[in-house]
Amino acid sequence: METPLGIFSRKTIHDINPRLAFDELMKRTRVLVIDDQSNEFPFEFLKKQGYSVDHWHDVQDLAKLESGFFDIIVLDIGGVGAELDADKEGVAVLTHVKRVNPSQVIVAYSGQAHRSAQIPFFKLADQYVPKPATAIMWKETIDELIKNTMSTGHYWGGLRQLLEQDGVARVKIEKLERELIRAIRKKAPDVQDRIKRILGPTENIVSIISIVAKIGRIAAMT
Amino acid sequence: MSKAQHPILLFMPYPTISPDGELSDGTQMAQCEFCRFKCEERVCAEYSTSLGGKQIRYFTCPHGYSVATAEVGGIPIRINGVLETFSSTASPQFKKAIKDSRKLKADECEAWVYRAWTAIDQYELAVRENAASAVAALHDVKSLIGGILHTAEEWIQQYSGYSMDEQVETAPKQLKTIYHACRLLIALLQYTDMVANPDAATFGKPSWRGVHGVFFSCAKILEARANKRGIQIKLTGKSINKAEIRESFGIIPLVLMDNAIKYADPNSIVELRFEDQLDESVAVVVASTGTLVPRKEWPWIFDKGFRGSNATAAGSGLGLHIARLVADAHATKIAYEASDGPVKNGKGENRFSVVIRGKRPY
């Protein structure tokens, strides 16, 4: 935040947001739909509107989901993720990805809202869309998520929460923030070693690096 | 007991079950000779106990009147003549008097209420499970409707317009009908999910949306249905304020408008009146002309399974209950009232009002 006179001003992660028009941000947002059916999501409509949408019939690459490669994951509850857990299917995928990378934006897309046993699934997701849904509903949902989550501040908030949960000292978190700002300004892509040095040994280093990479990618969208 | 709580307890006609198992409507219950509806002493002592997270409240008065109240299956139950000695404010004479005269002990009363709670819970669980299996069978139907909807959307995109809403308006009538029929079916399927699992009303994160837009969109979906009865849906007033709502919120306009279309006189008008209030909340009134709901039935109009004695069309009595459930999930007030003016043949203006907290868009 900058002071009114600009004296003693200190940039925070929140100040480094992409200066992009929404249409451009929309094109650069990677949306992945994991649904065993092809006809239950308006792929063509969204692609024509300029969205970047991929479709997997099942979880093809779990590491890609964990790493934050996709900005928004639309996840069906039934018929996907049986390899991870044959009983829980989509629920297992959601729980796993959210545990490894809490900042990953996931939309629960399901026609099983009548099953009260699935309540935790819907509560854990960032948004819920009942199946089937209209193209307009999808456009509104995705636009809303882009506006709310495609910012460095959103991911830094998630990272900060993760670090605080891990018991990382506030001084170290602030140091990490300064280091990130420096790396973004200098367009230094590889900050992994510095992060590891600042934080020391930590359980969630893979998640932390994923989120840092995401912040870097969003900051680079100028 | 405080003065404020007292009249509600004594004057509400709660159903009453006496220790002998006799059921009365609450206004005819047997009371001791000193206790009258217009009790002026108001010196009752209050005590409450909790069982499995639910509460039983006891009230005792020095003249010997004692009562236990609890809510069973959403209905307030009052049990008279409970032997209740926990009150520290009751006089020793009173304690002795009730010990001699009362037969039903507090623990027996609690056991009875607890059994009733358990039975209701098990019943509701069974109803939900049955409903869930019935809804689960609709999976293929949902899938098919989704397929038809997206095909219709792809066709609609060929027509001119800056947004899909505009493209729908310029599309041929038949295509428009298919599209709106799919949307109506989807909304009804979402509604069945909520019957099976009321928690579905709270799914998803709320987002700021224009209330007018949500009602307008629903009016479009129901337009064809209204036209079949010669009914016109008219939107009056103005609202620009936004409210923080979930996807489930759409059930409220759907139920209210669908009911209005169903019960309104043929060839009449269903009017949606919008107004942004001073506190930035949005008030919407769904008004229609038809047979009025009798005043004595107003308190139960949103209860599960309630069917008005004057109902002129078939129904399950679930719609308004679900609408209230969704309203509760959005801290929204929903209410019914009938026209104050002269009533002819039991007909007049039925008004359902919805007031939701909002904010100005800028």
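Residues numbered from 1 in each chain as written. Chains lettered and ligands numbered in written order. Predicted model: local features only at pLDDT ≥ 70, side-chain atom pairs only at ≥ 80, totals over all residues. Heavy atoms only, no water.

J.: Give me the lowdown on the pattern of salt bridges, citing residues and values where you can.
T.: Residue and element names in this part refer to chain B. Enumeration according to the criterion identifies 26 salt bridges over all chains in this entry. Across the salt bridge formed by Arg 225 and Asp 258, the nearest N and O atoms sit 3.4 Å from each other. Separated by 33 residues along the polypeptide, Arg 225 in helix α7 (residues 211-228) and Asp 258 in helix α8 (residues 251-263) bring together distant segments of the chain. Here Glu 280 makes a salt bridge to Arg 360, at a shortest N to O gap of 2.9 Å. Of this pair, Glu 280 sits in the loop between β12 (269-276) and β13 (282-291) while Arg 360 sits in the segment after β16 (358-359), and the two are 80 residues apart along the sequence. Under the relative-accessibility criterion, Glu 280 is labelled partly exposed at 25%. Of the residues examined, Arg 360 reaches a relative accessible area of 41% and is grouped as partly exposed. Beyond isolated ion pairs, a larger network of salt bridges with shared partners links Glu 271, Arg 273, Glu 337, Glu 349 and Arg 351. (Salt bridge = Lys/Arg side-chain N within 4 Å of Asp/Glu carboxyl O. Helix = DSSP H or I, 4+ residues; strand = E, 2+ residues; numbered from the N terminus. Buried < 20%, exposed > 50% of the residue type's maximum accessible area, 1.4 Å probe, protein only.)

J.: Give a description of the nonpolar core that names residues and reports values.
T.: Most often, soluble globular proteins have nonpolar side chains that are buried together. Ranked by internal contacts, the top residues of the largest apolar core, which has 71 residues, are Leu65(A), Leu75(A) and Phe215(B). Setting aside residues no more than four positions away along its own chain, Leu65(A) makes contact with Leu32(A), Ile34(A), Trp56(A), Val59(A), Phe70(A), Ile73(A), Val93(A), Val97(A) and Gln104(A). Core analysis: the next-biggest nonpolar cluster, separate from the first, contains 64 residues, Phe43(A), Ala133(A), Trp138(A) and Leu175(B) among them. (Core = buried A, V, L, I, M, F, W, Y, C linked by side-chain atoms within 4.5 Å. Contact = heavy atoms within 4.5 Å.)

J.: How would you summarise the packing of aromatic side chains if you had to cite specific residues and measurements?
T.: Enumeration according to the criterion identifies 11 aromatic pairs over all chains in this entry. Relative to Phe70(A), the ring of Trp56(A) lies with its centre 5.6 Å away and its plane at 90°, an arrangement referred to as edge-to-face. In this pair, Trp56(A) is assigned in strand β2 (residues 52-56) and Phe70(A) in the loop between α3 (62-66) and β3 (72-76), connecting sequence segments 14 residues apart. Comparing Trp56(A) with Phe70(A), the two get one shared label, buried. A ring pair is formed by Tyr336(B) and Phe352(B), whose centres lie 5.0 Å apart and whose planes are at 55°; its orientation type is tilted. A residue pair is termed long-range when its members are at least 10 positions apart, and Tyr336(B) in strand β14 (residues 333-338) and Phe352(B) in strand β15 (residues 347-356) qualify at 16 residues. A cation over a ring is seen here: Lys359(B) above Trp208(B), with NZ or CZ 4.3 Å from the ring centre. (Phe/Tyr/Trp six-rings, centres within 6.5 Å; stacked < 30°, edge-to-face > 60°. Lys NZ or Arg CZ within 6 Å of the ring centre and 35° of its normal.)

J.: Please give an account of the interface of chain A and chain B that cites residues and values.
T.: With 30 residues of chain A at the contact, the number on the chain B side is 32 residues. Counting the surface lost from both chain A and chain B, the interface buries some 2,600 Å², and carbon and sulfur atoms represent 57% of this. Linking chain A to chain B there are one salt bridge. In this structure, Arg209(B) and Glu140(A) form a salt bridge, with 3.8 Å as the shortest nitrogen-oxygen distance. Where chain A packs against chain B, one counts eight residue pairs in polar contact (both at pLDDT 80 or more). Mapped by element, the contributors of at least two residues to the side of chain A that touches chain B are α2 (43-49), α5 (119-124), β5 (127-130) and α6 (135-149) of chain A. Per-element tally for the side of chain A that touches chain B: the top contributor is α6(A), with five residues. A class-by-class count of the residues in the side of chain A that touches chain B yields 14 nonpolar, seven polar and nine charged. (Buried area = accessible area lost by both parts, 1.4 Å probe. Polar contact = N/O pair within 3.5 Å; in protein donor to acceptor, adjacent residues only side chain to side chain. Nonpolar A, V, L, I, M, F, W, Y, C, P; charged D, E, K, R; others polar.)

J.: How would you explain the packing of helix α4 (residues 139-156) of chain B against helix α6 (residues 173-196) of chain B if you had to name every residue and give the values?
T.: Residue and element names in this part refer to chain B. Across the interface, α4 lies against α6 with an axial gap of 9 Å and an inter-helix angle of 145°. The handedness of the crossing between α4 and α6 comes out as left-handed. Of the residues in α6, those touching α4 at Lys 142, Ile 145, Ile 148, Leu 149, Ala 152, Glu 153, Trp 155 and Ile 156 are Leu 175, Ile 178, Tyr 179, Cys 182, Arg 183, Leu 185, Ile 186, Leu 189 and Asp 193. Counted by class, the contact of α4 with α6 contains 13 nonpolar, no polar and four charged residues. (Axes fitted to C-alpha atoms, helices over the stretch in contact; angles between N-to-C directions. Left-handed = near helix turned anticlockwise from the far one by under 90°.)

J.: Now, about the sheet that holds β16(B): what can you tell me, with residues and values included?
T.: Residues and elements named next belong to chain B. Here we have three strands laid out as an open sheet, ordered β9-β11-β16, and antiparallel in their pairing. Two strands lie at the open edges of the sheet, namely β9 (207-210) and β16, each paired on one side alone. By the bridge criterion, two bridges tie strand β11 (residues 242-245) to β16 in an arrangement that is antiparallel. Residue pairing across strands places Ala 243 opposite Gly 358, the latter belonging to β16. On the sheet, α7 packs against β9 and β11 and is oriented at approximately 65° with respect to β9. (Pairing = 2+ DSSP bridges.)

J.: If you had to explain unusual backbone geometry to someone new, which residues and values would you point to?
T.: Backbone torsion omega between Lys131(A) and Pro132(A) reads -5°, so that peptide bond is classified as cis. In this fold, Pro132(A) is placed in the loop between β5 and α6. The phi dihedral of Asn267(B) falls on the positive side, at around 60°, and the residue is not glycine. A positive phi is found at Ala331(B), a non-glycine position, where the angle reads about 45°. Looking at the element boundaries, Ala331(B) is found in the loop between α9 (319-329) and β14.

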